[in-house]
Amino acid sequence: MVFRAGRIGRPGLLGAVARTAVVTGTASATANAVNRRAQQRAAEQQPYPQQQAPDVPPPDDDLVGKLQRLGELHASGALSDEEFAVAKAQLLR
């Protein structure tokens, strides 16, 4: 009886498929790690104010805020009585 000690030479189909799976998995893992690191570096290079929302006063959309600002302009003399009355009437419409 003759026993073969194993396959010599090229791997069989199953060996080739297994090796391809290992190479593909390693390449995917490496690419994901590189991409993750690049994203971390990009986030670290951003200046601090851009990472957080800037402290900008809220827009003056409310009626009370607009009327107060209009009153301040009138009190400082930037608006005449007529200009103040017209602007106030436009806001109250």
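Our subject in this report is the structure included herewith. Note that this is a predicted model, so its numbers are computed, not measured. (Residues numbered from 1 in each chain as written. Predicted model: local features only at pLDDT ≥ 70, side-chain atom pairs only at ≥ 80, totals over all residues. Heavy atoms only, no water.)

1. Digging into the overall build of the chain
Along the backbone of the chain there are 4 helices and 0 strands. N-terminal to C-terminal, the α/β element order of the chain is α-α-α-α. Looking at the chain as a whole, 3% of its 93 residues are labelled buried. Here the chain displays about 8,500 Å² of accessible surface, and carbon together with sulfur accounts for 58% of that area. (Helix = DSSP H or I, 4+ residues; strand = E, 2+ residues; numbered from the N terminus. Buried < 20%, exposed > 50% of the residue type's maximum accessible area, 1.4 Å probe, protein only. Areas by Shrake-Rupley, 256 points an atom, 1.4 Å probe, with all protein chains shown as cover.)

2. Brief notes about the packing of helix 3 (residues 63–76) against helix 4 (residues 81–92)
Contact pair helix 3 / helix 4: the axes reach a minimum separation of 10 Å and the direction vectors enclose 175°. In terms of orientation, helix 3 lies roughly antiparallel with respect to helix 4. Where helix 3 approaches helix 4, its residues Leu 63, Lys 66, Leu 67, Leu 70, Gly 71 and His 74 are matched on the opposing element by Asp 81, Phe 84, Ala 87, Lys 88, Leu 91 and Leu 92. Classifying every residue of the contact of helix 3 with helix 4 gives 7 nonpolar, 2 polar and 3 charged. (Axes fitted to C-alpha atoms, helices over the stretch in contact; angles between N-to-C directions. Parallel < 35°, antiparallel > 145°, perpendicular 65-115°, else oblique. Contact = heavy atoms within 4.5 Å. Nonpolar A, V, L, I, M, F, W, Y, C, P; charged D, E, K, R; others polar.)

3. Points about the environment of Ala 85
Along the chain, Ala 85 falls in helix 4. Spatially, the C-alpha atom of Ala 85 lies 9.9 Å from that of Leu 70, the residues being 15 residues apart in sequence.

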